[in-house]
Amino acid sequence: MSRRHKDIDIRPIDESEIRDWGRALFTGFLRPPVVSDNDAADLATHVVPSRTLAAFDDAGLRTGEASPIVATFRSFDQELTAVGGTPVPADAITNVSVTATHRRRGLLTRMMAQDLRAAKERGDVVATLIAAEYPIYGRYGFGAAAHTAEWTVDVPRSGLDRRRPAVDDGGRIDLVDGADVRKLGPELHERLRRAQHGVVTRNDRWWQLSTGAIHRDSHTWTEPNYAVRRSPTGEIDGLAVYTCDDHWGDDKRPLNTAQVTSLITTDPAAERALWHYLCSIDWVTTVKSGHRAPDDLLPHLLPDPRAARLTSYADWLWVRILDVVRALEARAYDGSGALVLEVVDEAGLAGGRYLLEAGPDGAACTPTDREPHLTLSVAELATLWLGDESAVRLAALGRVREQQEGAARVADALLRTSRRPWCPDVF
Ligand SMILES: CC(=O)SCCNC(=O)CCNC(=O)[C@H](O)C(C)(C)COP(=O)(O)OP(=O)(O)OC[C@H]1O[C@@H](n2cnc3c(N)ncnc32)[C@H](O)[C@@H]1OP(=O)(O)O
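Calculation rules
- Residues numbered from 1 in each chain as written.
- Predicted model: local features only at pLDDT ≥ 70, side-chain atom pairs only at ≥ 80, totals over all residues.
- UniProt positions renumbered as here; feature names shortened; annotations may be inferred.
- Helix = DSSP H or I, 4+ residues; strand = E, 2+ residues; numbered from the N terminus.
- Buried ≥ 20, exposed ≤ 12 C-beta atoms within 10 Å, placed from the backbone.
- Contact = placed C-beta atoms within 7 Å.

Where an unreviewed UniProt entry is consulted, the protein chain appears under the name GNAT family N-acetyltransferase, with the organism given as Streptomyces nodosus. In its Sequence similarities (unreviewed entry) section, UniProt records this for the protein chain: "Belongs to the acetyltransferase Eis family."

Structure below.
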């Protein structure tokens, strides 16, 4: 007999429960439900029990070793770069799963409420996640704040001159190994995240996982190629990570694909140089770009931009604002103006009426009782906050309400950014 959801206990796990929690996670994520000793040891290195929730159904039929854990949820400290380059503290949510036998009984809803409350109390400005499916997280106040795009480049069609480098500025490209990337990458990424809104922090574990320094039985690993670009003054200003397959046509024509898993730069010259390098590797006729911002330069670095076909486009980083005042004061504004926002938050975490007075020299956001210009949910505010969405478009969709005529245009002039946000990572 299935139990009512409120009889199922939700609480942080303790250290002795990490392995069972891992098995429930693998089950929920449709991996083989087996946690090897190697996987258990790896989980123990980064799963922080106090930030890791589980739902326990003790009444189920089970034998021997089977665990009562039927749902998983984990969060960790992160920083998210706001518009203008200032990082804000974020509650990064991951490893959300509810076992198929226990779906749609409100377990995620309970775990989310618990975690967001704790994040609010800790003083996090936002919560972040990468959503498995679009319809899951809006109800909890998350908005799709940054999108991802992938292009597939038909190299022979691109019109690139593969004989010479794209940028002849005295810079160079070198192939390095994983150990070099662990040394050089973090500093490059630090510079990127001070410049690009939407970027999130990468911890040591991120660099170790992405360079094969940590081996997990539950994940396959293929050593990629790592190319760094040095600027004319010798500074590392770009890193491309890619794998190549080994595919030949019947007519002995090379038809290899270079799949980019990560490409970060701090300079457009480095971006141009690395894409050109990737499109110039002998045998490579297709380059897949990996996760890019929708306004990435790539297509327009090719003489024929149509050679870059958009093969994936989707919502990517979801943001839940927990502190409207700090979120709006942390970001930069190119224009100047004042806006009164009526923010609706059904969870009672961040709602209220706020006056935003902003300009290129800074912003102040204060609770107010002035008449609002716009009424919107906290989720819609998140989509506007990172600069990606248009308030005019949301008004047309009925997702924000103009309380004063023309307010959506004023909001767009203040909040939209000239380049779109980009989150290069999955977490
Ligand atoms: C950040 C990440 O980790 S992303 C990974 C998320 N995990 C997965 O996708 C793994 C597979 N899916 C699952 O494990 C579960 O279905 C979850 C975690 C998505 C949802 O867990 P549940 O406990 O079933 O959610 P819960 O019962 O709290 O649902 C609340 C509401 O959201 C809706 N909902 C939940 N999941 C979905 C979904 N995938 N699609 C559409 N609606 C959904 C429910 O129908 C319910 O709506 P209602 O209140 O109108 O009835």
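Colleague: Sorry, what's going on with the overall build of the protein chain here?
Modeller: Each helix and strand counted, the protein chain has 10 helices and 17 strands in total. Here the protein chain holds 427 residues, and 42% of them are scored as buried.

Colleague: Honestly, helix α1 (residues 18-28) in this entry has me stumped. Any pointers?
Modeller: At 3.6 residues per turn, the α-helix brings residues three or four places apart onto the same side. In terms of burial, α1 is a largely internal element, 9 of the 11 residues being buried. Here α1 has its buried residues at Ile18, Asp20, Trp21, Gly22, Arg23, Ala24, Leu25, Thr27 and Gly28. Packed against the buried residues of α1 are α2 (37-46), β2 (52-56), β3 (69-81) and β4 (87-98). Positive backbone phi, approximately 60°, marks Leu30, located one or two places after α1.

Colleague: How should the UniProt feature "domain: Enhanced intracellular survival protein" (unreviewed entry) in the protein chain be read in this particular structure?
Modeller: Here the UniProt-annotated "domain: Enhanced intracellular survival protein" (unreviewed entry) positions come out as residues 324-424. End C-alpha to end C-alpha, residues 324-424 measures 25 Å, and it is 30% helix and 29% strand.

Colleague: I'm lost on the environment of Ala382 in this one. Help?
Modeller: Take Ala382: it is sitting in helix α8 (residues 378-385). Sequence separation of Ala382 and Val181 is 201 residues, and the distance between their C-alpha atoms is 33 Å. Beyond its immediate stretch of four places on either side in the chain, Ala382 contacts Phe142, Gly143, Ala145, Val319, Arg320 and Ile321.

Colleague: I tried to follow the environment of Leu386 on my own but got confused; where do I start?
Modeller: In this structure, Leu386 sits in the loop between α8 and α9 (391-396). The buried category is assigned to Leu386, around which 29 C-beta atoms lie within 10 Å. Sequence separation of Leu386 and Leu415 is 29 residues, and the distance between their C-alpha atoms is 7.9 Å. If near-sequence neighbours (up to four positions away) are discounted, Leu386 is found in contact with Val83, Ala145, Ala146, His197, Gly198, Val319 and Pro421.

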